[in-house]
Amino acid sequence: MFAKEYKKTRVGRSDIIEFLNSHGNEKLDRMAGFIGYECTTEQVSINEKSEEDGDSATKLSPPPLPPPPPPPPPPTKKTIKFWHVSEYREKKQDEINSEVPEWVEGDSFEDEEDGEVSSAYWKKPPCTPPLVPWSQLWPFLRNRLGDNKESKSIDIERVIELVSKLRPISKLPKKQRFYWSAVSYIILDFDKRLFPFWIDINEIHYGIKKLRGRSGLEVFSIDNGPSGQFRKRNVFPEPKVDFKFPEPNTPLMIMSDLGCFQPSGKSTRSWLYFGQRLKKAGLCPVVLTPCPPRLWNKALLEYFNLFFWDRGHKLPRHKEGVYKYNTLSKLDESQDAEVDNKQLEEEKKQTKRLLSLLSPAIRVEPSLLRAVRFLLPRKEADAGVEVAVWNHEDINYSPIAFSLKKDSLKNYRKALLEEDSSLREKVISLIEKHHSHLPESIRCEESLIINALLGDSINTEYDLKRAEAFMQKYMRTLKRKDFLEKKEVRAWFYRFSDRQPEEVWKKYKVLTACWVKINSHDREDGEIEVKKGMSLDDAAWMMDPNKSSHTILQRGNEFTLKNGYGASETDNAFKVSTPIAYLTTNRPYLDMFYYKSGEEVYHRGLNLSLSKVDKIVRPFTGEIIFNTDHEEIVITSTETPSWAESMGQSGQGLFVTFKDRKEPVWWFNPGRYKTQSSAKNKSIIINRGFWGDSTGEDEYGLYVDFKIKGINQRMRWIEPGKFMMGSPEDEPERLDREKLHEVTLTEGFWLAETACTQELWEAVMGENPSQFKGNQKPVDNVSWNDCNLFVEKINQIADLNFRMPTEAQWEYACRAGTQTPFSFGEEITKEEVNYVNNAGIVDVRSLPCNNWGLYEMHGNVWEWCQDWYDANYDIENVVNPTGPMAGSKRVLRGGGWYDLARSVRSAYRSNARPDNRDDFIGFRLSRGHKK
């Protein structure tokens, strides 16, 4: 009894462990029975005895702790983009026209009661083209809703036939004639997805009533499939009724897609259930459907006789033409998935084409959609494409018409330009005919769009001058404050502006004036969106002239605009921000364009009337253009260049630092500092405080130009890096002294773009020892000792730390990131390298440069290097090698004008005594780091 009650209590693992620790293993067996456990023969060790612990008693260990959670990832470092002025252009006075246009004075809409803004109600739009002409449709309807009946006339032919066969005639046979059935049922489907066909469905309904009359005609309408409510037509108001199945064999016609246009298939399932009930009631309905056979569900053919209702598909005129239940199922079964996918892709293609043709229209009614579809071949654009257009994701649907979404207009209008011109003209003519009764504002807008997209050569019924006059009248209406304050007046123009392509804003300047006028009222402070293609210069005449100066500053990754020009560095704004650009303008708004990857992202107009520092944009990458009536300034972003040690900002502007100098180098701001360079210069200028006379950056990288006694020499910045020095064993014509090994150059260096010219040598040394005379030819016939003396003298003229490059630096620069025998590839031509040439030396820069902008690194003249020559140079991985400490010969690299191709390879090594001179030896300047 006690044990039984004890077993009902809850005993957990912790109780057993506590008992074990208190009494040991001896009493555990006795205790097990009381708490409802049994001892098994297999002993399970709770905790094995530790080898290091001498105690024989079993000790329990706490369960292992879960592994510690991984440390949180370090916070991502926010990258700061440094911005600077890269282009500056000062505008001419005749570029901005501030004269008031003549059309500003005149009538406005306030003088009209209805006038030009009302609809042309006396005009009637074209009717919707029928899917099938009525002449082909009514015989089909009559035969499906009728039957043969006995007339009052005696069938003489039948009587003669009976008499000839000697058969008794109990009743004279009567002639059979085809009549409308006494009772007929019609179901009209007005689901939302079938909206383009509502007019067609109603036309058939009215046509049937006109042909046979209302007697015995039961008409029902549905708008949510057969599972929803049925409404009885021909009764007003239409009552909701439950559908009662008629007698068997009663003619029943349905005008619907049977849910086949619905991707989910939910509606089709309700039609299948409805078809099963119809079949059970002895009915076989005829379905007139605008859905093409490719979209039919095979299961529907078991219960419905489907007929495709569209142009080009003749409906059978006789009752024998009715399809049997499974006639079409064989056709569908023969179509595999690949064919279905092709048809689906073709439908999507034609849907987008139809939308592109309709893109100039502000609104598209079902009648216009049908008319434009009928311009395309029927095999390409059937009724299924029409439904796909009406239910497309790129349209805004309404119960009257649809319009294209503004985000998709650009792509569709671009596709319109690729269509045949004759087809475009037919579409434009249809748009104008179907919209001739609409308000003047719609016809005006469509005319502006059509002419801007397709040019003035397109034939349009609506006069373009009339469209411009309408917009001018609208602008004059805005001049009255009471009209400007009306929300509906401004709301129309906001909708209008969202639909306009870039070409319209460029072509019709009156639109810009309207935009500025409305935005000045709605956004008195801050920035306004300026449409792509619009220029505020076109509305300069309506802005009050008030010359002002402004400074654009960068603070972190934000731009701010501060009124005032050339503020002192004691200004609080300059203590926390960096001045980027300085602007001067006579307008209250500033044009700002933001470009990314060469494409305009957005266009803003900044209100310059603010007296405080105001955030205007949060840029990260790309290019920003600020446009005023005085200047155009381009600002681009950059990060710390690889050739600089660091980059920073202060109240004076942007600067970089180098390892070989303590003083910062300030970025030159075009437009603020006068320079000899062109006014529009895309290169980065760092002229202030640098060791050269002028600097810049091009497709090859950073360069510096310096002048010695009027002679210019350009130096290229060679970034640090790793490369494989020497040549692989399989390289043709290689030598043993070109063993391949890895070299790391941890510091960048400057290297002359060309070999030292004779005019530069003569300017420094006062003489020209060259055999092949010419100012632009490399100096030749100079020894290593002569070149070293030249370096000493030029460093005395300007403390520039010039020298000759090391052998590793020379080969690194020669290869320019390549590992082929030549920097030009596996082979060379005489158009690339001067070698095997009895004519001698050619001018510098007369042959192509390598990838780093260095000329004639192969051939022309051998070039002295700083190193002593070592035939067995260290083949281990080395860092910044400088060659042996002493020797008898100096290194020569590059090959000369008389050498074979193997001697002008990147890896080829030669040498000569330091006092050796020859007409094929020259050198190239390098600039090292000050230690």
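Residues numbered from 1 in each chain as written. Predicted model: local features only at pLDDT ≥ 70, side-chain atom pairs only at ≥ 80, totals over all residues. Heavy atoms only, no water.

(A) Quick peek at the overall build of the chain. Assigned secondary structure in the chain consists of 23 helices and 37 strands. Taken over 931 residues, the chain has a buried fraction of 48%. When the accessible area of the chain is evaluated, it comes to approximately 49100 Å², of which 49% is carbon and sulfur surface. (Helix = DSSP H or I, 4+ residues; strand = E, 2+ residues; numbered from the N terminus. Buried < 20%, exposed > 50% of the residue type's maximum accessible area, 1.4 Å probe, protein only. Areas by Shrake-Rupley, 256 points an atom, 1.4 Å probe, with all protein chains shown as cover.)

(B) Structural view of the pairing of strand β5 (residues 217-222). Where burial is concerned, most of β5 is hidden: five out of the six residues are buried. In this structure, strand β4 (residues 184-189) lies alongside β5, joined through six bridges in parallel fashion. For Ile-187, the partnering residue across the bridge sits in β5 and is Phe-220. Chirality of the crossover, the property in question, places the unit of β4, helix α6 (residues 198-212) and β5 among those that are right-handed. Here β5 pairs with strand β6 (residues 230-232) via two bridges, running antiparallel. Counterpart to Ser-221 in the pairing with β6 is Arg-231. (Pairing = 2+ DSSP bridges. Right-handed = clockwise from strand over helix to strand, strands pointing away.)

(C) A look at the sheet that holds strand β32 (residues 862-868). In spatial order, the strands read β35-β34-β32-β36; together these four strands make up an open sheet with mixed pairing. Pairing within the sheet leaves two strands with one partner each, and these edge strands are β35 (909-912) and β36 (921-923). Between one strand axis and the next, the sheet turns through 50 degrees on average, direction left out of account. Here β32 runs beside β36; their pairing, made up of three bridges, is parallel. By the bridge assignment, Trp-862 is partnered in β36 with Ile-921. Across the sheet, helix α22 (residues 784-797) touches β32, β34 (890-893) and β36, and the angle it forms with β32 is around 80 degrees. (Axes fitted to C-alpha atoms, helices over the stretch in contact; angles between N-to-C directions. Contact = heavy atoms within 4.5 Å.)

(D) Fine view of helix α14 (residues 440-454). Helix length check: α14, at 15 residues, gives a terminal C-alpha distance of 21 Å against a target of 21 Å (1.5 Å per residue), a fit within 8%. Counting buried positions along α14 yields 15 of 15 residues, so the element is predominantly enclosed. Phi turns positive, to about 90 degrees, at Gly-455, one or two residues after α14. (Expected span 1.5 Å × (residues − 1).)

(E) Structural view of the nonpolar core. If you look at the biggest cluster of nonpolar residues, it comprises 63 residues, and the most contacted ones within it are Phe-402, Met-471, Tyr-474 and Phe-493. Sort the elements by how many residues they give to this core and α14 lands first, with eight residues. (Core = buried A, V, L, I, M, F, W, Y, C linked by side-chain atoms within 4.5 Å.)

(F) Structural view of the pairing of strand β30 (residues 749-752). Both faces of β30 are covered, namely the face carrying Phe-749 and Leu-751 and the face carrying Trp-750 and Ala-752. In this sheet, β30 lies alongside strand β27 (residues 711-718) in antiparallel orientation, the contact comprising four bridges. Bridged to Arg-716 within β30 is Leu-751. Sheet analysis places β30 next to strand β37 (residues 926-927), joined by two bridges and oriented antiparallel. For Trp-750, the partnering residue across the bridge sits in β37 and is Arg-927.

(G) Inspection of the environment of Lys-465 at higher detail. Structurally, the position occupied by Lys-465 is in helix α15 (residues 464-478). Judged by its relative accessible area of 66%, Lys-465 is exposed. Sequence spacing of Lys-465 and Ser-447 is 18 residues, and the spatial spacing of their C-alpha atoms is 9.7 Å.

(H) Inspection of unusual backbone geometry at higher detail. Its identity as a non-glycine residue notwithstanding, Asn-781 has a phi of 60 degrees, on the positive side. Turning to its location among the elements, Asn-781 is positioned in the loop between α21 (758-765) and α22. Look at Asn-880: it is not a glycine, yet its phi comes out positive at around 50 degrees. Mapped onto the elements of the fold, Asn-880 is located in the loop between β33 (878-879) and β34. Given the relative accessible area of 33%, Asn-880 is considered partly exposed.

(I) Seen up close, the packing of helix α10 (residues 366-373) against helix α11 (residues 383-390). Closest axis-to-axis distance for the α10/α11 pair is 11 Å, and the angle between their directions is 135 degrees. By the criterion of interaxial angle, the relationship of α10 to α11 is oblique. Crossing of α10 over α11 shows right-handed handedness. Within the contact between the two elements, α10 uses Pro-366, Leu-369, Arg-370 and Arg-373 and α11 uses Ala-383, Glu-386, Val-389 and Trp-390. Among the residues forming the contact of α10 with α11, the class breakdown is five nonpolar, no polar and three charged. (Parallel < 35°, antiparallel > 145°, perpendicular 65-115°, else oblique. Left-handed = near helix turned anticlockwise from the far one by under 90°. Nonpolar A, V, L, I, M, F, W, Y, C, P; charged D, E, K, R; others polar.)

(J) Region of the structure containing the sheet that holds strand β9 (residues 286-289). With respect to topology, seven strands assemble into an open sheet ordered β7-β6-β5-β4-β8-β9-β10, the strand pairing being mixed. Two strands lie at the open edges of the sheet, namely β7 (240-241) and β10 (305-308), each paired on one side alone. Across the sheet, helix α4 (residues 134-144) lies against β8 (252-255), β9 and β10, angled at about 160 degrees from β9, the strand it touches most. Each of β4, β5, β6 and β8 is contacted by helix α7 (residues 266-280), which is oriented at about 175 degrees to β8, the strand it contacts most.

(K) Focus on the side chain of Asn-850. The topology assignment puts Asn-850 in the loop between α23 (807-815) and β32. Taking the relative accessible area as the measure of exposure, Asn-850 reaches 5% and is therefore buried. Within the structure, the side chain of Asn-850 is placed 3.1 Å from the backbone oxygen of Ala-813, a separation counted as a polar contact. Once you skip the residues sitting within four places of it in the chain, Asn-850 turns out to touch Tyr-700, Ala-813, Cys-814, Ala-816, Ser-823 and Met-857. (Polar contact = N/O pair within 3.5 Å; in protein donor to acceptor, adjacent residues only side chain to side chain.)

(L) Region of interest: the environment of Glu-729. Here Glu-729 is to be found in the loop between β28 (721-725) and β29 (741-745). C-alpha separation for the pair Glu-729 and Lys-739, spaced 10 residues apart in sequence, amounts to 8.2 Å.

(M) Structural detail: the pattern of salt bridges. This structure, assessed with the given rule, holds 37 salt bridges. The closest approach of N and O atoms between Arg-193 and Asp-257, which form a salt bridge, is 2.9 Å. You can see Arg-193 sitting in the loop between β4 and α6 and its partner Asp-257 sitting in the loop between β8 and α7, a full 64 residues away along the chain. There is no split in this pair, since Arg-193 and Asp-257 are both buried. One salt bridge connects Arg-370 with Glu-386, and the closest N-O pair in it is separated by 2.9 Å. Placement of the pair is Arg-370 in helix α10 and Glu-386 in helix α11, with a sequence separation of 16 residues. With respect to burial, Arg-370 and Glu-386 carry one shared label: buried. (Salt bridge = Lys/Arg side-chain N within 4 Å of Asp/Glu carboxyl O.)

(N) Local environment of the state of the cysteines. This model, assessed by the stated rule, comprises zero disulfides. Cys-514 takes part in no disulfide bond, and the closest cysteine sulfur to it belongs to Cys-444, at a distance of 10.0 Å. (Disulfide = S-S within 2.5 Å.)

(O) Local environment of the packing of aromatic side chains. Under the definition given, this model contains 39 aromatic pairs. Pairing Trp-271 with Phe-274 gives two aromatic rings, centres 5.9 Å apart and planes at 80 degrees, and the pair type is edge-to-face. Highlighted residues: Trp-271 and Phe-274, both in helix α7, separated by three residues, approximately one helical turn. With relative accessibility at 0%, the residue Trp-271 sits in the buried group. A relative accessible area of 2% means that Phe-274 is categorised as buried. (Phe/Tyr/Trp six-rings, centres within 6.5 Å; stacked < 30°, edge-to-face > 60°.)

(P) Geometry of a nonpolar patch on the surface. On the surface, a nonpolar cluster with roughly 500 Å² of combined accessible area is contributed by Ile-154, Ile-156, Ile-160, Val-163, Ile-169 and Leu-172. It is helix α5 (residues 156-164) that provides the largest number of residues to the nonpolar patch, a total of three residues. Note that Val-163 resides in helix α5. Take Val-163: its relative accessible area is 47%, and that puts it in the partly exposed class. (Patch = residues over 30% accessible without salt bridge, like charges linked within 9 Å, V, L, I, M, F, W, Y side chains within 5 Å.)

(Q) Expanded view of the environment of Ser-549. Structurally, Ser-549 can be placed in strand β14 (residues 548-555). Along the sequence, Ser-549 and Tyr-582 sit 33 residues apart, while their C-alpha atoms lie 7.4 Å from each other.

(R) Region of interest: α15. Over its 15 residues, α15 runs 22 Å from end to end, which matches the ideal 21 Å to within 8%, given 1.5 Å per residue. Of all 15 residues making up α15, 11 are buried, and the element is well covered by its neighbours. Listed in full, the buried residues belonging to α15 are Leu-464, Ala-467, Phe-470, Met-471, Gln-472, Lys-473, Tyr-474, Met-475, Arg-476, Thr-477 and Leu-478.

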